[in-house]
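Structure assessment
Each chain is listed here by its residues.
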Amino acid sequence: MKKITVLIPAYNEAVNLPALHTRLCALAAGELDNVYTDADSSAPGETPHMTDYEWEFLFVNDGSRDDTLAVLNTLRRSDSRVTVVDLARNFGKENALLAGFDLATGDAVVVMDADLQHPPEVVPEMIRYWELGYADVYGRRRSRGRESWLRHHLTSVFYKTLQSLTSIEMMPGVGDFRLLDRRAVNALTSMRETQRYTKGMFSWIGGSKHGIDFDTADRAGGKSSFGPKQLFALALQGITGFTTAPLRFASISGITISIGAFIYLLYALVKYACYGDPVRGFATLLCVMLLLGGLQLLCLGIIGEYIGRIFIETKGRPPYIIDTVNGRPLTSSP
Ligand code: UDP
Ligand code: MG
């Protein structure tokens, strides 16, 4: 019997977890079979029966400050399919996901948010494509749920910028809701960097992929942990983790400005030689100096971002620390 692990990172999700668990139980009991059909329903193969699979619900508590751990432990006592991994502190969603990938025992892993934004009804369809041989069946947001205008537009600008800077395909509207087969999971766990941008990594590892459209639901309860500050940090992580193009920007702008300055120097010399013009233009001089100063600081900042990341990675610290698995300390490292 094939085993499916549903991997759920949870940070302050106590209010959502019981409802999510109920939906997962319905999924495993086959009650959600054939509820959702993909637009491309002409694809071969029947929707498999969820009761034909063994299930593992792997929750990673990412250092929550609310009752998440207590709620998870209650669920674990009532359901043997539930595994609870408790991280020593909040390591961030990307690292919590890695912890989950390391400990997942399934033949395939379905990654899902804890806030019910990712509908479990789509999972049987994902499994259908997995059975057809796809290594990575990803969910594609048809609508994004409730979200501010600014966040929506900034996100789309970010994806366009990142895509123009790297050859790795960054699919807009595609997030962490997906099914990965064992090969893909092993590829992800072989990448041990602490500064993770998992969305990019899914593309980086390659393999056969298929997209399924789904409607993002609104967050069931609680509030999003990704405010502007966290999203900006994640965006920087994406850019510095997947491209060195900003460094090239520094060298190219340096070369362009130097050539421009040299041409202007020749022009000024010739003008002086022919007309004997006294040097004028204090304001212009000030502007040029400020512009160049700003550009130099920007380039230093770009280099600094990369050096900072090299510094953190060279320390070779583990990406996360596990406190307990199912209430017991972990004896051997994953
Ligand atoms: N999450 C996590 N660690 C964090 C922040 C978030 O494990 O430090 C989890 C969170 O519990 C949820 C998922 O990551 O299951 C997505 O988070 P959220 O809903 O806050 O993000 P959004 O959907 O707004 O992008
Ligand atoms: Mg969410």
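This text goes with the structure placed above it.
Please read these numbers as outputs of a predicted model, since none were measured by experiment. (Residues numbered from 1 in each chain as written. Chains lettered and ligands numbered in written order. Predicted model: local features only at pLDDT ≥ 70, side-chain atom pairs only at ≥ 80, totals over all residues. Heavy atoms only, no water.)

Another point: helix H8 (residues 228-242). Given a rise of 1.5 Å per residue, 15 residues ought to cover 21 Å, and the 21 Å separating the end C-alpha atoms of H8 matches this to within 8%. Among the residues of H8, those classed as buried are Leu234, Ala235, Gln237, Gly238, Ile239, Thr240 and Phe242. (Helix = DSSP H or I, 4+ residues; strand = E, 2+ residues; numbered from the N terminus. Expected span 1.5 Å × (residues − 1). Buried < 20%, exposed > 50% of the residue type's maximum accessible area, 1.4 Å probe, protein only.)

The next subject is the sheet that holds strand S6 (residues 174-181). Ordered in space as S7-S5-S6-S4-S1-S2-S3-S8, the eight strands form an open sheet in which the pairing is mixed. Bordering the open sheet on either side are strand S7 (209-215) and strand S8 (322-325), each of which pairs with just one other strand. Each adjacent strand pair in this sheet contributes to an overall mean axis angle of 25°, direction not counted. Note: strand S1 (residues 3-10) against strand S4 (residues 108-111), four bridges, orientation parallel. Pairing of valine 6 across the sheet is with valine 110, part of S4. (Pairing = 2+ DSSP bridges. Axes fitted to C-alpha atoms, helices over the stretch in contact; angles between N-to-C directions.)

Before going further, it helps to spend a moment on the site of ligand 1. Residues in contact with ligand 1 amount to 17 residues; listed here are only the nearest, Glu13, Asp62, Asp115, Ser224 and Ser225. Here a nitrogen atom of ligand 1 sits 2.6 Å away from a polar atom, N or O, in the side chain of aspartate 62. Contact between ligand 1 and arginine 219: an oxygen atom at 2.8 Å from a side-chain N or O atom of the residue. In the complex, 90% of the free accessible area of ligand 1, which totals 530 Å², lies under the protein chains. Taken together, the residues of the shell around ligand 1 break down into five nonpolar, five polar and seven charged. (Near = heavy atom within 4 Å. Polar contact = N/O pair within 3.5 Å; in protein donor to acceptor, adjacent residues only side chain to side chain. Areas by Shrake-Rupley, 256 points an atom, 1.4 Å probe, with all protein chains shown as cover. Nonpolar A, V, L, I, M, F, W, Y, C, P; charged D, E, K, R; others polar.)

What follows is about the packing of aromatic side chains. How two aromatic rings sit relative to each other is set out by the distance from centre to centre and by the angle between their planes. What the rule picks out here adds up to six aromatic pairs. Note on phenylalanine 177 and phenylalanine 214: the rings are 5.0 Å apart at their centroids and 80° apart in plane angle, and the pair reads as edge-to-face. You can see phenylalanine 177 sitting in strand S6 and its partner phenylalanine 214 sitting in strand S7, a full 37 residues away along the chain. Judged by its relative accessible area of 2%, phenylalanine 214 falls in the buried class. Directly above the ring of phenylalanine 91 sits arginine 89, whose terminal nitrogen or CZ lies 4.0 Å from the centroid. (Phe/Tyr/Trp six-rings, centres within 6.5 Å; stacked < 30°, edge-to-face > 60°. Lys NZ or Arg CZ within 6 Å of the ring centre and 35° of its normal.)

In this section: the nonpolar core. Generally speaking, nonpolar side chains in soluble globular proteins are found buried as a group. Core analysis: the largest hydrophobic core is formed by 39 residues, its most contacted members being Leu20, Leu24, Trp55, Phe59, Met112 and Ile127. Residue contributions to this core peak at six residues, all from helix H1 (residues 17-28). When neighbours within four sequence positions are excluded, methionine 112 is seen to be in contact with Val6, Leu7, Ile8, Pro9, Leu20, Leu24, His118, Pro120, Val123 and Phe177. Listed in part, the 34 residues of the second largest apolar core include Leu58, Leu98, Met191 and Ile239. (Core = buried A, V, L, I, M, F, W, Y, C linked by side-chain atoms within 4.5 Å. Contact = heavy atoms within 4.5 Å.)

Mapped onto the secondary structure, asparagine 95 falls in helix H3 (residues 93-103). Asparagine 95 sits in the buried class, given a relative accessible area of 8%. Once you skip the residues sitting within four places of it in the chain, asparagine 95 turns out to touch Thr194, Arg196, Pro319 and Tyr320.

With that settled, consider the coordination of the magnesium ion (ligand 2). Around the magnesium ion (ligand 2), the protein contributes the donor atoms Asp115 (OD) and Gln117 (OE1), at 1.9 to 2.0 Å from the metal centre. Across the pair, glutamine 117 and aspartate 115 agree in class, each one buried. (Donors = N, O, S within 2.8 Å, 3.2 Å for Na, K, Ca; no water.)

Before going further, it helps to examine the pattern of salt bridges. Applying the stated criterion to the full structure yields 15 salt bridges. With its nearest N and O atoms 2.8 Å apart, the salt bridge here joins aspartate 136 to arginine 178. On the criterion of sequence distance, the pair formed by aspartate 136 in strand S5 (residues 136-143) and arginine 178 in strand S6 is long-range, its members being 42 residues apart. Taking the relative accessible area as the measure of exposure, arginine 178 reaches 2% and is therefore buried. Here lysine 209 ties to aspartate 136 by a salt bridge, and the two come within 2.9 Å at their closest N and O atoms. Of this pair, lysine 209 sits in strand S7 while aspartate 136 is found in strand S5, placing the two residues 73 residues apart along the sequence. (Salt bridge = Lys/Arg side-chain N within 4 Å of Asp/Glu carboxyl O.)

A few words now on helix H10 (residues 282-314). Taking 1.5 Å of rise per residue, the 33 residues of H10 would be expected to cover 48 Å, and the 47 Å separating its terminal C-alpha atoms lies within 8% of that figure. In this structure, the buried residues of H10 make contact with H8 and helix H9 (245-275). Downstream of H10 by a residue or two, glycine 316 has a phi angle that is positive, lying close to 65°.

Interhelical geometry of helix H5 (residues 149-165) versus H8 gives an angle of 10° and a closest axis separation of 10 Å. The orientation of H5 relative to H8 falls into the category roughly parallel. In this structure, H5 contributes Arg151, Phe158, Leu162 and Leu165 to the contact, and H8 contributes Leu231, Ala235, Gly238 and Ile239. Here the contact of H5 with H8 is composed, by residue class, of six nonpolar, one polar and one charged. (Parallel < 35°, antiparallel > 145°, perpendicular 65-115°, else oblique.)

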